[in-house]
Each structure stands twice: as C-alpha cells, then as structure tokens.
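Listed below are the residues making up each chain.
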Amino acid sequence: MVRILKLSQLSSAERAKLQKRAELDIDNALKVAQTVIETIRERGDAGVVDYVRRFDYEGATVENIKVSEAEFERAFHLIEPEVKTAIEQAFRNIQEVHRRQMPEETLLAEIETGVFAGEKISPIPNVGLYVPRGRGAFPSMMLMLAIPAMVAGVERVVVCTPPDKQGNVEPVSLVAAQMAGVREIYKLGGVQAIAALALGTKNIKRVDKITGPCSVYGAAAKRLLFGTVDVGLPAGPSESIVLADESTDARLAALDLLIEAEHGADSAALLVTHCEDLAIAASEYAQEYLQKLPDWRREFCEAGLAAYGGIILTDSLQQSLDFVNEYAPEHLEVLVSNPFAILGKIKNAGEILLGNHTPSSMATYAIGVNAVLPTGSFARSYSAVSVYDFLKRSTLAYVTPEGFEKLKETTKTLAEYEGFPAHKLAIQHREILL
C-alpha cells in the first residue's frame, strides 16, 4: 500500500523531510556541475563534445551536435498520423492561450496634466530552451517552451535536448519545434547544455536567458550560472498534490496521484485529505493501479512515493489547505465537492486544476495552459512559463512643458535633499534654456 502519514503526528523533523524535494538535495550535483562548467569555460566546443560523448552519444562531434536540415526533414516522415493530429491540436490550444497573454507593445498614460508614464514591451533577443529527454520523449515540453517564445517575438530561439544513444533527437519533438519556428537545436543535455547556452562557444552563440525543466544536475548548473545568464524559473523534478475531501472518488484520487509520480524516482506526489476512509481506499486503489504500469514506470512511482510522496491525512479541509500553501506544489488538483468555493484560499501553486474532469495529464498535453511550472516550493514567488518570460519592459515617460512646470520644484527639492547637485542643475538650466 501507498504510505499514509497523519500530519498532526509528524515531528518537526519529519515534516521538514516531507517538505524536501529531490531538487533541494543538490549539494553533490553542485560539485559535478562546477567541474563541467569550468571545463566548457576553458575548452569551449571541445569540452561540450567530450561531455556529450560521455553522457549522451559516443559519436558526437563538433559538426554533428547541431540538428541538420536533413534531420528536420526526416522527422516529418517518422511521425505517426494520429500523433501529428494530437500535436497540431495541442499547438493550437497552447498558441491561443499565450496569444491572449500578450500585452500592448506600448503603454503610456497621463499621470497628471502634461506628465505621461508607462512602459514599452520588447522581446528578449536570444533565448535558450532546455527540453529534457532522460526518461522519455517530451514533444509537449517543446511546445510549452517554444510557443510562448514564438508568440512573444523572440528573434533567436535555441533549443538543447539530449539525443538517444544513436545521436538522434526524438522526431515528434523536432516536428513540434518546426511548428513553432525553431530551427537551431543542439543535441546535448544536462550541465553541458546549460553551460554552453550560458557561456557560449565558437559554434553555440550564448543566450540572454535559459528556461526549461532540468534534472538536479541541470538545476545545479543554473544555480552556479545565475548572474552570468538569466536562468528562468526553478523547474526541476516533477511534483504534485491532489487535494481531496469526503466527496472525492478514491479511484480518481489514486489515479491522479500516479500521474506525476511516474515521471521518476525523484518526483514528489502527494494526496492530501482529511478523510481517513478516502485515504485508506485511495492507498489500496493506487497499489492496484501500480500493477497496470510497465515495470520501469511502476518502479519510478514506488521509489518516489516512498521517498518524497504518499498520502497525507489532515484533521480538516482547512488544515489541508494550509499544508498546500506551505508546500507550494508545482501541480495542484482540487478534487473537492465545490472547488471554486475554496479557490480564494489557495495561495501557492504553480497550476491549479479544478474538478474531476481536469487531471494534470490533460493540462500537460491538451488544454493549452503552460505545464512548465516552478518546483521546489518556488510557486511562492514564481509563475508558470508564459509570454512574460520572453518579454522585457522598458519604462517610458514623456513630459510636456506644462508637465515640466508641475514637477520641477519637487525634483529640485528631492535632488538637493539627497545630495545630487547635478540632478538639480539639470532642472535649473532647463528653466533658462527651454
């Protein structure tokens, strides 16, 4: 059975351990990442290729780590028709969601007579996307990252994604990239991908920002390269909470508990409920459903549920909500009788999925909401990937002669008070020159 933990009986140490995710257990990964980063800083392309050969593809060369036009063309012939249809629908929905996010390019409002202020929106010029592959193919992740960059108008979008042992990028991911207009893709993963994008080499031009979910090693590389490049939101191993009450069907709760658990042994999946009968039934159903999974996926689920997940039994729905807000999960499913009634009480979650017909698997693939989300409790301060991740804002101002007259005394007074005579002089001389 999936373990059941009664929240009120946990010690402070046990509760802290429950809150800890694999992404936060990063110390050893930092040492490895530092070595890789320094090697690529010193050796450039040669260092990148050495690590690709070691971890991804033994036949890697400086010349073949970039996806060729022939590889793009071949991908179209390898994709099954039903998969292509599914990708096309996902593309349309994701594109529509992100198009609706786009702000006006220029916002300028009259703050008081003759004083105009606002902002100008511009795309980030160069962006690197990391699309993982380690435990499977993720064309959906390619769409979730590339589409908002495309909608935002990013001029150069670069993708790094690990190849298989034959040096091939998963074909459906290549088709998805082409749909979003991405043509610069490199066959490398892990720390070497993050380092190459951040530092740049002779053949891989550096980018201004990197975003995309990584393993603990990729997360370590991002942490070390913060300040060298904008490393985007913290997106590490998957995590989820299914919030349930006495009205919840235990079978649905058990099924949805396994959605994120099957991502890997480092994934965290929790069912949180105040209903003991539901907790017991869901544990039994989860064990039953685990037997329906392939061995390797079942092993991922069992390891993750034992280390980072399980069923949390609380004393009340309010205590469940308090736990959710403290945990700040990447994915939150709300399977309670009236999810909209408690929506206002949910403060910290990367995504909030309401009701029995909105499992996180559907959000991952088809609804159109972005599934690249903050992990490791960073939903407290970060948001899902959106067009805003690929846009920057310049403040914008315009002052008329009348507005100048209204603001000049305030400006001179504060400049003098803070001890900036040149600031004051610029105003005084304008009174004479203009």
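Reading the values: rules and limits
Residues numbered from 1 in each chain as written. Predicted model: local features only at pLDDT ≥ 70, side-chain atom pairs only at ≥ 80, totals over all residues. Heavy atoms only, no water. Helix = DSSP H or I, 4+ residues; strand = E, 2+ residues; numbered from the N terminus. Contact = heavy atoms within 4.5 Å. Areas by Shrake-Rupley, 256 points an atom, 1.4 Å probe, with all protein chains shown as cover. Lys, Arg positive; Asp, Glu negative; His and termini not counted. Charge placed at Lys NZ, Arg CZ, Asp CG, Glu CD. Domains from an automatic or database assignment. Buried area = accessible area lost by both parts, 1.4 Å probe. Salt bridge = Lys/Arg side-chain N within 4 Å of Asp/Glu carboxyl O. Polar contact = N/O pair within 3.5 Å; in protein donor to acceptor, adjacent residues only side chain to side chain. Nonpolar A, V, L, I, M, F, W, Y, C, P; charged D, E, K, R; others polar. Buried < 20%, exposed > 50% of the residue type's maximum accessible area, 1.4 Å probe, protein only. Pairing = 2+ DSSP bridges. Axes fitted to C-alpha atoms, helices over the stretch in contact; angles between N-to-C directions. Left-handed = near helix turned anticlockwise from the far one by under 90°. Patch = residues over 30% accessible without salt bridge, like charges linked within 9 Å, V, L, I, M, F, W, Y side chains within 5 Å. UniProt positions renumbered as here; feature names shortened; annotations may be inferred.

**Quick look at the overall build of the chain**
Okay, step 1: The helix and strand tally for the chain stands at 17 helices and 13 strands.
Okay, step 2: Expressed along its principal axes, the backbone C-alpha trace of the chain runs to roughly 85 × 60 × 45 Å.
Okay, step 3: Expressed as a percentage of contacts within the chain between residues at least 6 apart in sequence, the contacts between residues at least 24 apart total 76%.
Okay, step 4: About 20500 Å² of surface is accessible on the chain, with carbon and sulfur atoms providing 53% of the total.
Okay, step 5: Once the 44 positive and 57 negative side-chain charges of the chain are each reduced to a mean point, those two points are 5 Å apart.

**What about the domain arrangement of the chain?**
Okay, step 1: With domains assigned, the chain is organised as domain 1 (4-22 + 237-368), domain 2 (26-225) and domain 3 (400-433).
Okay, step 2: For domain 2 and domain 3, the distance between their C-alpha centroids amounts to 47 Å.
Okay, step 3: Of the roughly 410 Å² buried between domain 2 and domain 3, counting both surfaces, carbon and sulfur atoms make up 66%.
Okay, step 4: Summed over the shared surface of domain 2 and domain 3, the result is zero salt bridges.
Okay, step 5: Here domain 2 is connected to domain 3 by one residue pair in polar contact (both at pLDDT 80 or more).
Okay, step 6: Broken down by class, the residue content of the side of domain 2 that touches domain 3 amounts to two nonpolar, two polar and one charged.

**Regarding unusual backbone geometry**
Okay, step 1: For A328, which is not glycine, the phi torsion reads 55° and is therefore positive.
Okay, step 2: Residue classification places A328 among the buried positions, given a relative accessible area of 0%.

**Looking at the sheet that holds strand β11 (residues 331-335)**
Okay, step 1: One open sheet holds the six strands; their spatial order is β1-β10-β9-β8-β11-β12, and the pairing between them is parallel. Each edge of the open sheet is held by one strand with a lone partner, namely β1 (4-6) and β12 (351-354). The sheet shows a mean angle of 20° between the axes of neighbouring strands, taken without regard to direction.
Okay, step 2: Alignment of strand β8 (residues 239-244) against strand β9 (residues 268-273), held across six bridges, turns out to be parallel. Looking at β9, one finds that L243 is bridged to V272.
Okay, step 3: Sitting on the sheet, helix α10 (residues 250-261) touches β8, β9, β10 (310-313) and β11, and the angle it makes with β11 is about 175°.
Okay, step 4: In this fold helix α11 (residues 276-290) packs onto β1, β8, β9 and β10, with an angle of close to 175° to the strand it touches most, β10.

**Quick look at the packing of helix α5 (residues 81-99) against helix α6 (residues 139-152)**
Okay, step 1: Relative orientation of the contacting elements α5 and α6 amounts to 35°, with a least axis distance of 9 Å. The way α5 lies across α6 gives a crossing that is right-handed. Residue-level contacts link I87, A90, F91, I94, Q95, H98 and R99 of α5 to P139, L143, M144, I147, P148, M150 and V151 of α6.
Okay, step 2: Residue composition of the contact of α5 with α6, grouped by class: eleven nonpolar, two polar and one charged.

**Overview of a nonpolar patch on the surface**
Okay, step 1: A grouping of M1, I4 and I280 is seen on the molecular surface, where their side chains present a nonpolar patch of about 270 Å² in accessible area.
Okay, step 2: Looking at the element boundaries, I4 is found in strand β1.

**Brief notes about the UniProt feature "active site" (unreviewed entry) in the chain**
Okay, step 1: As recorded in UniProt, the sites labelled "active site" (unreviewed entry) are E330 and H331.
Okay, step 2: Residue position: E330 is located in the loop between α13 (317-327) and β11.
Okay, step 3: Tracing the backbone through its elements, the reader meets H331 in strand β11.
Okay, step 4: Judged by relative accessible area, H331 falls into the buried class, the value being 4%.
Okay, step 5: When sequence neighbours within four positions are dropped, the list of residues in contact with H331 reads S238, E239, S240, I241, E260, E351, S360, A371 and L373.

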